[in-house]
Amino acid sequence: INIKDLQEGFRELGIYSKPWYVYLVMRKYDRDFDGKLKFSDFCSLLSPVIKASGYGDQRQRINSGSQSQQKASDFKAALVKVLRTVVSVERESEELRHRILEKRLFNVHSAFIAVDIQQKAHVTPAQLQSFLEERGQQWSEEELVYFMERFDKDQDGRVSYSEFTQELAPKAPRDQ
C-alpha cells in the first residue's frame, strides 16, 4: 500500500484527514522506509483491531448469515476507530515534537545523555525505567513497551542516539 492508497482507503472508510497526518501514519508504520506498507506493516498498524475482534484466533469459526454480517460490521467499526485513533496520536505526537523543540532550555543531545546512564550510546528499557524512578516517575510495563515500539526503529531492544533524535524531530511543517 502506498500513501495514495492509504489516503483513498481512509476516505472510503469516512476518515478525512489532512495529507500530512496520513504521511505521519505512513512514516510510523513503514518499517523499511520504502514508501509502502507491507502486509506485516499493516498488521502492526491494525494489531489492536485484530486482537479486539478475535480475527487472528484460528479456533474462531466464521458463522453464516447475519452473525457473519454483524462480525464484518463490528470489524469495520473497530477498524475505523483504530485508524482514527492512529491518525490522532500521530497528529498529537507531531504537535508535541514541535513544542518540545521550541523550548529554549531543551536540548536533544543533553536529554539523551541524561537517560544514557551507562554511557553506551544507547538506552535500554531498564535504563529508562531507572532514569524515571530517580525523578519520581513510574511507567507501567505497557508504557515502556510503547516507548520502545515508538523509538526503537531497528527493533534491537535499545534506542540509539540517532533513533532518539529521529523520533523527536518534527516530520511535518507546523501549520499543516
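Just above, that's the structure.
In this text the structure is predicted, and so the values were computed from the model without any measurement. (Residues numbered from 1 in each chain as written. Predicted model: local features only at pLDDT ≥ 70, side-chain atom pairs only at ≥ 80, totals over all residues. Heavy atoms only, no water.)

1. Some points on the overall build of the protein
No. 1: The helix and strand inventory of the protein stands at 8 helices and 2 strands.
No. 2: The helix and strand sequence of the protein, counted from the amino end, reads α-α-α-α-α-β-α-α-β-α.
No. 3: Across the 176 residues that make up the protein, the buried fraction comes to 30%.
No. 4: Summarising the internal contacts of the protein: among those between residues at least 6 apart in sequence, 56% fall at separations of at least 24. (Helix = DSSP H or I, 4+ residues; strand = E, 2+ residues; numbered from the N terminus. Buried < 20%, exposed > 50% of the residue type's maximum accessible area, 1.4 Å probe, protein only. Contact = heavy atoms within 4.5 Å.)

2. Concerning the nonpolar core
No. 1: Judged by nonpolar contacts, the single largest core of 19 residues is most densely connected at L6, F10, V25, Y29, L45, L83 and V86.
No. 2: Here L6 is in contact with I1, V22, V25, M26 and L37, once residues within four sequence places are set aside.
No. 3: Formed by 14 residues, the second largest nonpolar core is a distinct cluster that contains F112, L128, F131 and V159. (Core = buried A, V, L, I, M, F, W, Y, C linked by side-chain atoms within 4.5 Å.)

3. Digging into the pattern of salt bridges
No. 1: For the coordinates displayed, the defined rule picks out 10 salt bridges.
No. 2: The salt bridge involving R97 is made with E94; its shortest N-O contact spans 2.5 Å. With R97 and E94 both in helix α4 (residues 66–102) and 3 residues apart, the pair spans about one turn of that helix. Side by side, R97 and E94 carry an identical accessibility label, which is buried.
No. 3: Each of E90, E94, R97, R150, K153 and E167 takes part in a single network of salt bridges with overlapping partners. (Salt bridge = Lys/Arg side-chain N within 4 Å of Asp/Glu carboxyl O.)

4. Quick word on the environment of G157
No. 1: Within the secondary structure layout, G157 lies in the loop between α7 (141–151) and β2 (159–160).
No. 2: The exposure class of G157 is partly exposed, given its relative accessible area of 39%.
No. 3: Separated by 34 residues in sequence, G157 and V123 place their C-alpha atoms 8.8 Å apart.

5. A closer look at empty space enclosed by the protein
No. 1: Under the criterion given, the structure shown has 1 cavity of 30 Å³ or more.
No. 2: Roughly 180 Å³ of internal volume is contained in the largest cavity.
No. 3: Considering the residues around the largest cavity, the lining is formed by 14 residues, among which R27, K28, R150, K153 and E167 are closest to the centre.
No. 4: Elements represented by at least two residues in the lining of the largest cavity include exactly α2 (19–29), α4, α7 and α8 (161–168).
No. 5: Counting residues per element, the lining of the largest cavity draws most heavily on α2, which supplies 3 residues.
No. 6: Of the residues assigned to the lining of the largest cavity, the class counts are 2 nonpolar, 1 polar and 11 charged. (1 Å grid on protein atoms, 1.4 Å probe; cavity = no way out; pocket = protein on both sides within 12 Å on 5 of 7 lines; lining within 4 Å. Points joined across faces, edges and corners; volume = space filled by probe spheres on them. Nonpolar A, V, L, I, M, F, W, Y, C, P; charged D, E, K, R; others polar.)

6. Remarks on the side chain of R97
No. 1: Note on R97: relative accessible area 4%, which makes it buried.
No. 2: For R97, the residues in contact, after removing those within four places along its chain, are E90, R150, E167, L168, A169, P170 and K171.

7. Description of α7
No. 1: Among the residues making up α7, those that are buried are L144, F147, M148, R150 and F151. One side of α7 carries all its buried residues, which in axial view fall inside an arc of 165°. Projecting away from the buried face of α7 at angles above 90 degrees are the exposed residues E141 and E142. (Arc of directions from axis to C-beta.)

8. Quick notes on the layout of surface pockets
Empty space among the atoms becomes apparent when a probe as large as a water molecule is rolled across them.
No. 1: By volume, the largest pocket is sized at about 1100 Å³.
No. 2: Taken together, 35 residues line the largest pocket, and the ones lying closest to its centre are K28, V89, Y146, F147 and R150.
No. 3: For the lining of the largest pocket, the secondary structure elements donating two or more residues are α2, α3 (39–53), α4, α5 (108–115), α6 (125–134), α7 and α8.

9. Details of the packing of aromatic side chains
No. 1: This model, assessed by the stated rule, comprises 6 aromatic pairs.
No. 2: Between the aromatic rings of W139 and F147, the centroid separation amounts to 6.0 Å while the plane-to-plane angle is 55°, which identifies the pairing as tilted.
No. 3: Here F147 falls in the buried class, since its relative accessible area comes to 12%.
No. 4: Taken together, the ring pairs in this structure connect F112, W139, F147, F151, Y161 and F164 into an aromatic cluster.
No. 5: Lying across the ring of Y29, K28 places its NZ or CZ 5.0 Å from the centre.
No. 6: For the cation-ring pair, R91 lies above Y21, with the distance from its terminal atom to the ring centre recorded as 5.9 Å. (Phe/Tyr/Trp six-rings, centres within 6.5 Å; stacked < 30°, edge-to-face > 60°. Lys NZ or Arg CZ within 6 Å of the ring centre and 35° of its normal.)

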